[in-house]
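Close look at the chain arrangement
For reference, the chains in residue letters:
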Amino acid sequence: MEKKNNIAVYPGSFDPITKGHTDIIKRASKIFDRVYVAVLHNSAKNPMFTIEERIELIKRITGEFDNVYIDTFSGLLVDYMEKINANVIIKGLRAISDFEYEFQMALMNHKLNRNIETMFLMTSAKYSYLSSSIVKEVAKYNGSLDGLVDERIVDDIINRAYKA
């Protein structure tokens, strides 16, 4: 049997990246030879940060991981994965409510490309309530971001929230 590539993609909008996202990246980096954090370009959303800004924020936080790469894509995830020769999609789950949608996406991605599998990683319990939307809401109303995002990007989020 041919050995598979040990390359995973962790896709998302990461607007902004939270400690929950970072937890998944750290854990995935221990499992896979390479992990691509792939920032989705979604024209249907009105993001707080541009794609370039999100990539820069993620790079600032993940620089310590030798096997984590930051990239962007648009279109079908399976097409992007084929391009970089990846075979596993990483999805973080916070609760059962996340599972239903992510399970449907996993089945569709597998239907589109039978060589691609999805691995679900449960978010650590201390981050199970956390989402980028919550972070933006807290920042908008001048709440503390302590423990929600990496300290290295707190000022970026607060400054952007005040401009919105």
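Scroll up to find the structure this text is about.
Below: a short report on this structure.

How each quantity is defined
- Note that residues are indexed from 1 along each chain, following the sequence as it is written.
- For a predicted model such as this one, the threshold for reporting local features is a pLDDT of at least 70, and the threshold for listing and counting side-chain atom pairs is 80 or more; totals across whole chains, interfaces and linings nevertheless cover every residue.
- Only hydrogens and water are set aside when side-chain values are computed; all heavy atoms of the structure are taken into account.
- Elements are defined by DSSP. Helices are runs of H or I of four residues or more, strands are runs of E of two residues or more, and each kind is numbered from the N terminus.
- Under the convention used throughout, the expected extent of a helix is 1.5 Å for every residue step, that is, one less than its residue count.
- Burial classification: accessible surface area is computed with a 1.4 Å probe over protein chains only, and a residue below 20% of its type maximum counts as buried, one above 50% as exposed, and the rest as partly exposed.
- Between Lys or Arg on one side and Asp or Glu on the other, a salt bridge is scored when a side-chain nitrogen of the former is within 4 Å of a carboxyl oxygen of the latter.
- Any two strands with at least two DSSP-identified bridges between them are counted as paired.
- Orienting the strands away from the viewer, one traces the path from the first strand over the helix to the second; a clockwise path indicates a right-handed crossover.

With that out of the way, let us pick up helix α1 (residues 19-31). The terminal C-alpha atoms of α1 lie 19 Å apart, and with 13 residues this matches the ideal 18 Å at 1.5 Å per residue to within 8%. All of the buried residues in α1 are G20, H21, T22, D23, I24, I25, A28 and S29.

Here we take up the pattern of salt bridges. Applying the stated rule across the entire model yields 10 salt bridges. Between E64 and R152 there is a salt bridge whose closest N-O contact spans 4.0 Å. In this pair, E64 is assigned in the loop between α2 (51-62) and β3 (68-73) and R152 in the loop between α5 (132-140) and α6 (154-163), connecting sequence segments 88 residues apart. For R152, a relative accessible area of 40% translates into the label partly exposed. Taken together, the shared-partner salt bridges in this structure form one network comprising E56, R60 and D156.

Moving on to unusual backbone geometry. Following D15, the chain continues to P16 via a peptide bond in cis, the omega torsion being 0°. With respect to the element layout, P16 can be found in the loop between β1 (7-12) and α1. Of note in this structure, F14 is not a glycine but carries a positive phi near 50°. With respect to the helices and strands, the residue F14 is situated in the loop between β1 and α1. The phi dihedral of N85 is positive, around 65°, even though this residue is not glycine. Topologically, N85 is positioned in the loop between α3 (77-84) and β4 (88-93).

Now for the pairing of strand β5 (residues 117-122). Relative to β5, β4 runs parallel, the two being bridged by six bridges. When the sheet's bridge partners are listed, V88 is paired in β5 with E117. One crossover worth recording links β4 to the parallel β5 by way of helix α4 (residues 96-112), and it is right-handed.

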